[in-house]
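Listed below are the residues making up each chain.
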Amino acid sequence: MVEWNVYNPNTNLFTLARVLFEPTPLGAVFPSTSVRTVRLYTYTESTGLVFLLIQAVFCLHLLVSVLLFAYSTHKQGLAFLKQFGTVMQALHILVALAAIGTFVYRTGVIISAVETLQNNRDAFVSLDSVADADDAFTLLMAFLLFVAVLAMMQLLDFNRYVALFAATLGETSRTLLSYGMLFGILITAFTLFSINVFAAQIDSLSDVFSTVSTLVSMTLGSSGIYSDLVAVDMTLGCFFYVGFMLMVFLLMMNLFITLINDNFDFVKQKPMAAWFDVDLVNHLVDKFSAAFRVDRASARRDSQQQLIGTDDDQALDPGLQAARKLDEFYFRMDSIFHE
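Definitions and limits used
- By convention here, each chain's residues receive numbers from 1 onward along its written sequence.
- pLDDT decides what is reported in this predicted model: residues at 70 or higher carry local features, side-chain atom pairs at 80 or more are listed and counted, and totals for whole chains, interfaces and linings draw on all residues regardless.
- To get the side-chain values, take all heavy atoms of the structure and skip hydrogens and water.
- The way it works is that DSSP assigns letters per residue, a run of H or I at least four long becomes a helix, a run of E at least two long becomes a strand, and they are numbered from the N terminus.
- For the exposure calls, accessible area comes from a 1.4 Å probe over protein chains only, and a residue counts as buried if that area is under 20% of its type's maximum, exposed if over 50%, partly exposed in between.
- When checking whether two residues touch, look at their non-hydrogen atoms; a contact exists if any pair is within 4.5 Å.
- Only the protein chains shown count as covering a residue, and every accessible area follows the Shrake-Rupley method with a 1.4 Å probe.
- The way it works is a 1 Å grid over only the protein atoms, where trapped points that fit a 1.4 Å probe form a cavity and open points with protein on both sides within 12 Å along at least five of seven lines form a pocket, and then any residue with an atom within 4 Å of a point lines it.
- Grid points are joined across faces, edges and corners, and a volume is the space filled by probe spheres set on the points.
- Gly is placed with the polar residues, together with every amino acid not listed as nonpolar (Ala, Val, Leu, Ile, Met, Phe, Trp, Tyr, Cys and Pro) or charged (Asp, Glu, Lys and Arg).
- For two strands to be treated as a pair, DSSP must find no fewer than two bridges joining them.
- Looking at any residue, its pLDDT shows the predictor's confidence there, from 0 to 100.

A. Just the overall build of the protein, in detail. When helices and strands are tallied, the protein shows 12 helices and 3 strands. Classification of the 339 residues of the protein by burial places 27% in the buried group. Taking all contacts inside the protein whose residues are at least 6 apart in sequence as the whole, residues at least 24 apart take part in 62%. Put simply, the protein shows about 21,800 Å² of open surface, and 66% of that area lies on carbon and sulfur atoms.

B. Examining the layout of surface pockets more closely. A volume near 500 Å³ is recorded for the second largest pocket. Every residue lining the second largest pocket is counted, 15 residues in all, and those nearest its centre are Gln55, Phe103, Arg106, Phe137 and Met141. Breaking the lining of the second largest pocket down by element, the ones donating at least two residues are helix H1 (48-76), helix H3 (84-119) and helix H4 (128-152). Top element by residues in the lining of the second largest pocket is H1. It accounts for 5 residues. Each residue belonging to the lining of the second largest pocket can be placed in one class, and the counts come to 9 nonpolar, 3 polar and 3 charged.

C. A look at empty space enclosed by the protein. Counted according to the given criterion, the structure contains 1 cavity of 30 Å³ or more. Computed from the structure, the largest cavity encloses a volume of approximately 50 Å³. Lining the largest cavity, in full, are Glu3, Leu16, Ala17, Arg18, Ser34, Arg36 and Asp128. Secondary-structure elements contributing two or more residues to the lining of the largest cavity are strand S2 (13-23) and strand S3 (29-38). Top element by residues in the lining of the largest cavity is S2. It accounts for 3 residues. Split into classes, the residues belonging to the lining of the largest cavity amount to 2 nonpolar, 1 polar and 4 charged.

D. Structural view of the side chain of arginine 106. Tracing the backbone through its elements, the reader meets arginine 106 in helix H3. Apart from the residues within four sequence positions on either side, arginine 106 is in contact with Arg39, Ala133, Asp134 and Phe137.

E. Spatial organisation of the pairing of strand S1 (residues 2-8). One ladder, built from 7 bridges, connects S1 with S2; its direction is antiparallel. Paired with tyrosine 7 across the bridge in S2 is phenylalanine 14.

F. Examining the environment of serine 206 more closely. Mapped onto the fold, serine 206 is located in the loop between helix H6 (173-198) and helix H7 (208-219). Between the C-alpha atom of serine 206 and that of isoleucine 195, which follows or precedes it by 11 residues, the distance is 6.2 Å. Setting aside chain neighbours within four positions, we find serine 206 in contact with Ala199 and Thr211.

G. A look at the confidence of the model for the protein. Residues with a pLDDT of 70 or more make up 75% of the protein, whose mean pLDDT is 77. Scored below 50 in pLDDT, residues 306-320 makes 11 contacts in the model with residues more than four places away or belonging to other chains.

H. Highlighting the side chain of threonine 219. By the secondary structure assignment, threonine 219 is in helix H7. Judged by its relative accessible area of 6%, threonine 219 falls in the buried class. Discounting chain neighbours no more than four positions away, the residues touching threonine 219 are Phe183, Phe244, Val248, Phe249 and Met253.

Given below as structure tokens:
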């Protein structure tokens with residue numbers, strides 16, 4: 001193994017490079033390379049104060065979110081915890097707390113590494129622990145952003161079709177839990193098989209993360225890995241590929257679609273009030289109408305006439321054209337919520 005660190009003062013970044021040669025019991029050698037970049041001095045530049053301020057605002061926002069979540073749980077009880085938005089909020093808080101804990105650990109590791117570098121200027125100091133902590137923190141922040149986007153998608157529940165689909169998923173939740181366990185078992189089995197058989201020859205199957213990513217791509221219909229599998233071993237490659245396509249791509253994916261379709265028809269037969277809050281949507285649309293001083297009935301009638309083409313836009317003056325455009329925008333928004 002050959003390992004070295006490089007520091008670029010212009011960008012204030014440390015680069016960790018490693019070349020690894022792994023021998024096998026049969027005498028073969030498999031080389032691998034690794035290049036990772038970390039920042040040890042975070043608050044030394046002019047943007048350091050900005051980063052510190054943003055981190056303080058994030059911690060304050062998280063504290064307020066925790067207090068509001070605890071207060072709502074205390075007031076509403078278990079009914080509050082069964083809502084989709086509440087689950088997303090709880091997951092957001094947990095991931096944010098984990099990210100803060102990882103950031104504190106990362107800061108401690110960086111301080112220790114900097115002290116070691118300053119006290120041992122003539123010796124090699126490994127920065128693997130800093131890179132590992134930085135990678136963990138980056139993954140948690142990426143997952144936190146993913147959860148935040150999912151929480152924002154709750155606004156789409158005001159659309160009738162999205163609310164119908166969400167109610168379908170809620171009706172199918174117990175069945176989907178069993179389905180998810182079976183799907184996870186199959187993915188785990190194929191992951192272990194591919195790592196043990198093809199890891200030494202195929203880079204996309206060399207570790208757990210790469211293998212799972214490749215299998216997910218195959219689940220979505222990708223077939224680029226087939227030539228690599230056959231090149232390594234014709235029999236095992238065909239067995240692995242055909243078995244995965246039959247059991248996961250065809251069987252499991254069609255089973256998932258069947259579950260959704262059956263429960264979709266079941267939920268659709270229920271009254272709309274059971275899965276769609278019409279009163280809340282009407283309240284929001286009325287507030288929107290009052291804010292822009294738009295009459296719902298006249299806006300819908302005029303916009304329908306305009307969409308049919310009864311008026312010539314070129315004959316209208318600019319002021320009337322702007323009003324018609326606003327009415328058309330309102331009509332389309334109203335259609336999204338109610339049609």
